[in-house]
Amino acid sequence: PAGSSSFEYEAEVHKMLDIVVNSLYTNKDVFLRELISNASDALDKIRFMSVTKPELLDTKKELEVRIEYDDEAKTLTIRDSGIGMTKDDLIKNLGTVARSGTTNFVKALGEGAADVSMIGMFGVGFYSTFLVADRVTVASKNNDDETQHIWESLNGEASFHVGPDPRGNTLGRGTEITLHLKEDAEEYLSPYKLKEMIRHYSEFVTHPVFLREVKTIQVPKEKEETAESDEEKKDDIDDIEDVDEIEEEEEKEPEMEEVTTYEYEHINTDPAIWARDKDEITDEEYQEFWKVVSKEGGDAADWSHFNAEGNINFKSILYLPNEIPFALAQGRPDELRPGLRLYVRKVLISDEFDLMPRYLNFIKGVVDSDDLPLNVNRETLQESKIIKIIKKKLVRKAIETIRNLANKKIEEDEPEEAEVDADGNPVVKDKPAKVHPYIQWYKKFGLSLKMGCIDDSANRDKLQKLLRFKSSKTKGEDEYVSLQEYVDRMKDWQKDIYVFPGENMKTLEESSFMDIFKEKDIEVLYLTEAIDEFWLGHSREFDGKKYRDITKEGITFSDEDEDLAKRRNKVYTDKFKPLTKFLKKLFGSNVMKVSISKRLGKAPAIVSASEYGQSANMDRLQRAQAY
Ligand code: ADP
Ligand code: MG
């Protein structure tokens, strides 16, 4: 434009532009994410400043983003009423001052460590506009500059141009970016495509984002007015003799014509739910947001919404899914992608940021912190101390969320009016007992908690409390016992937690190892999952009580006089010496020893593992894995 001056792009910026524009990267949609995020940043800035100086908003009251397309001019325009840029800002921010991320981005692209879609993380998101545009025009008005200026650059040019906007101050305040779309980017002129993209990228932007849509409406056609028309009308009426004819004339539908108008549609009507007061959010709204976060159709099992305050502040909603993710169901937990979206000041940084340990990757939700920098790359961010602190708190909260589900009171159904049969006797109906939602959830996700007992020593105690077991005293499909319940109903003299790892419930229940426990009415936990022996090996004890594998030697019961037991054992050992000697000779090196035992119940003999040796079940698992 007239009166504009040209400026050279800073060398690194030019190099980066070159690489981005010529990359074979196909998903160009990211440009809109970057522009919406810049608009949102600019709005955040002026909003923040106006807290102490409300008059700053006098230049334009509404804080909003408006997006328009013109399919004849082949342009797409994104306009915000944010802080805007002075002439100086335009020159520095959009070209002459290299940002620290520029070089990193070029390097990462070169090494294949980053792709174009990550441009925003390197602080050069604006330039993604050249993925789709031949020419980019930025008009901007900042309160500190009396004049509205225009920045303009052609794709591939080594320079850009800045000058006063010939239209004058059209914005009041803010920035208007016009993209002259490349021929192969004309798909962005479709209202459907645009609406879908805007919905996606602005869903949780707290400022309203509007899309201008073209509407054709029917309006009554205006009669062509000519000088003599009134005269003609009068003549017409004079001609009409018949009154009916006049009425008919009046009833006639007016002739219609199509007129093109515009209408702005507010796209992101449901912004940042996590930033709202949780008392004002209904369960339905949480479930709706869950659908956005999870891209799943069903409901979440439970959630928690909290504000972490302290040195590091963040807001978060964590969801427990109802459905087990595919990778987990397939027994491949390492393939499960992280489920948390990370926002910094409501700008989406990543929708699968690594904020949870592997075993909790099934947790989905959002984390939004004002304390994170927006302009560092993901890897640097991932390693930052702030993220480490956030992670630690999130794990604690995630475990708490699971605990809350476990402790949830379930409402009993209203007792129904007792039905009576013909003789007046009450009819007993078989009503299935209500299954606690945690049990339903645990059946799918228990394995992950056991993984946690292996991986996360810091939270092992808390995780063990969340485990549930089948035991020699639980009945039916849905009755489970927790370790706390087990401990609470242990015999007075009982010191250890008895566990029985094995292949399946039936073999465990019928095993001779169980005889003495049944006889003495001692509860035994049945462990039938392959992972059981591994987490047991890591956990070793709960509430100061050791896990005791009942298939191993050294099981004693201190429910009787120790002296008496010892003496009796000696008598038996002596008495059966010829037999044990014979058996040891018979089995040779296949057994470590043959001894007299008190734990046999009805069985004449049992093969048990040594206390610190490998259990028979472990042996079975390893054999199974070997093939
Ligand atoms: P980043 O947003 O990470 O800073 P960008 O390349 O997206 O990097 O933008 C570069 C700079 O240009 C921004 O930091 C900001 O100063 C300025 N800018 C871009 N878009 C706008 C806008 N809509 N309003 C005001 N300033 C903007
Ligand atoms: Mg940006």
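Residues numbered from 1 in each chain as written. Chains lettered and ligands numbered in written order. Predicted model: local features only at pLDDT ≥ 70, side-chain atom pairs only at ≥ 80, totals over all residues.

This part takes up the nonpolar core. Among the nonpolar cores identified, the biggest contains 124 residues, and Tyr319, Val367, Ala398, Val499, Phe500 and Leu525 are the most heavily contacted of them. A total of 9 residues in this core trace back to one element, the largest contributor, which is helix α2 (residues 30-52). Setting aside residues up to four positions removed in sequence, Ala398 forms contacts with Leu318, Met356, Leu360 and Ile363. (Core = buried A, V, L, I, M, F, W, Y, C linked by C-beta atoms within 7 Å. Buried ≥ 20, exposed ≤ 12 C-beta atoms within 10 Å, placed from the backbone. Helix = DSSP H or I, 4+ residues; strand = E, 2+ residues; numbered from the N terminus. Contact = placed C-beta atoms within 7 Å.)

Pairing within the open sheet is mixed, and its 9 strands lie in the order β1-β6-β5-β4-β7-β3-β2-β8-β9. Strand pairing shows two members of the sheet lacking a second neighbour, β1 (5-8) and β9 (256-266), which therefore form its edges. Each strand axis lies, on average, 20° off the axis of its neighbour in the sheet, ignoring direction. Pairing between strand β8 (residues 209-220) and β9: 11 bridges, direction antiparallel. (Pairing = 2+ DSSP bridges. Axes fitted to C-alpha atoms, helices over the stretch in contact; angles between N-to-C directions.)

Glancing now at the environment of Val259. Considering the arrangement of structural elements, one finds Val259 in strand β9. According to the C-beta neighbour criterion, Val259 is exposed, with 11 such atoms within 10 Å. Among residues more than four places away in sequence, those in contact with Val259 are Thr216, Ile217 and Val219.

Among the 6 residues in strand β5 (residues 149-154), 5 count as buried, and that is most of the element. Note: strand β4 (residues 133-141) against β5, 6 bridges, orientation antiparallel. Residue pairing for β5: Val136 is matched across the bridge by Ser153. Where β5 meets strand β6 (residues 159-164), 4 bridges bridge the pair, whose relative direction is antiparallel. Counterpart to His149 in the pairing with β6 is Pro164. Hairpin connection, β5 to β6: the antiparallel pair is bridged by 4 residues, and Gly156 has positive phi, about 95°.

The next point concerns the UniProt feature "binding site: ATP" (unreviewed entry) in the protein chain. Residues annotated in UniProt with the feature "binding site: ATP" (unreviewed entry) correspond here to Glu34, Asn38, Asp80, Met85, Asn93, Ser100, Gly101, Thr175 and Arg378. Along the chain, Ser100 turns up in helix α4 (residues 100-111). On the neighbour-count criterion, Ser100 (12 C-beta atoms within 10 Å) is exposed. (UniProt positions renumbered as here; feature names shortened; annotations may be inferred.)

Running from N to C, helix α12 (residues 437-455) and helix α17 (residues 532-539) point in directions that differ by 35°, and their axes come no closer than 8 Å. Note that α12 runs across α17; the crossing there is left-handed. For the pair α12 and α17, contact is made by Lys450, Cys453 and Ile454 and by Phe534, Trp535, His538 and Ser539, respectively. Here the residues of the contact of α12 with α17 sort into 4 nonpolar, 2 polar and 1 charged. (Left-handed = near helix turned anticlockwise from the far one by under 90°. Nonpolar A, V, L, I, M, F, W, Y, C, P; charged D, E, K, R; others polar.)

Every one of the 19 residues lining ligand 1 counts as a neighbour, but Asn38, Ala42, Asn93, Gly125 and Phe126 are closest to it. Mapped onto the shell around ligand 1, the elements with two or more residues apiece are α2 and α3 (87-96). With 5 residues, α2 is the single largest residue contributor to the shell around ligand 1. Across the shell around ligand 1, the residue classes tally to 8 nonpolar, 8 polar and 3 charged. (Near = placed C-beta within 6 Å.)

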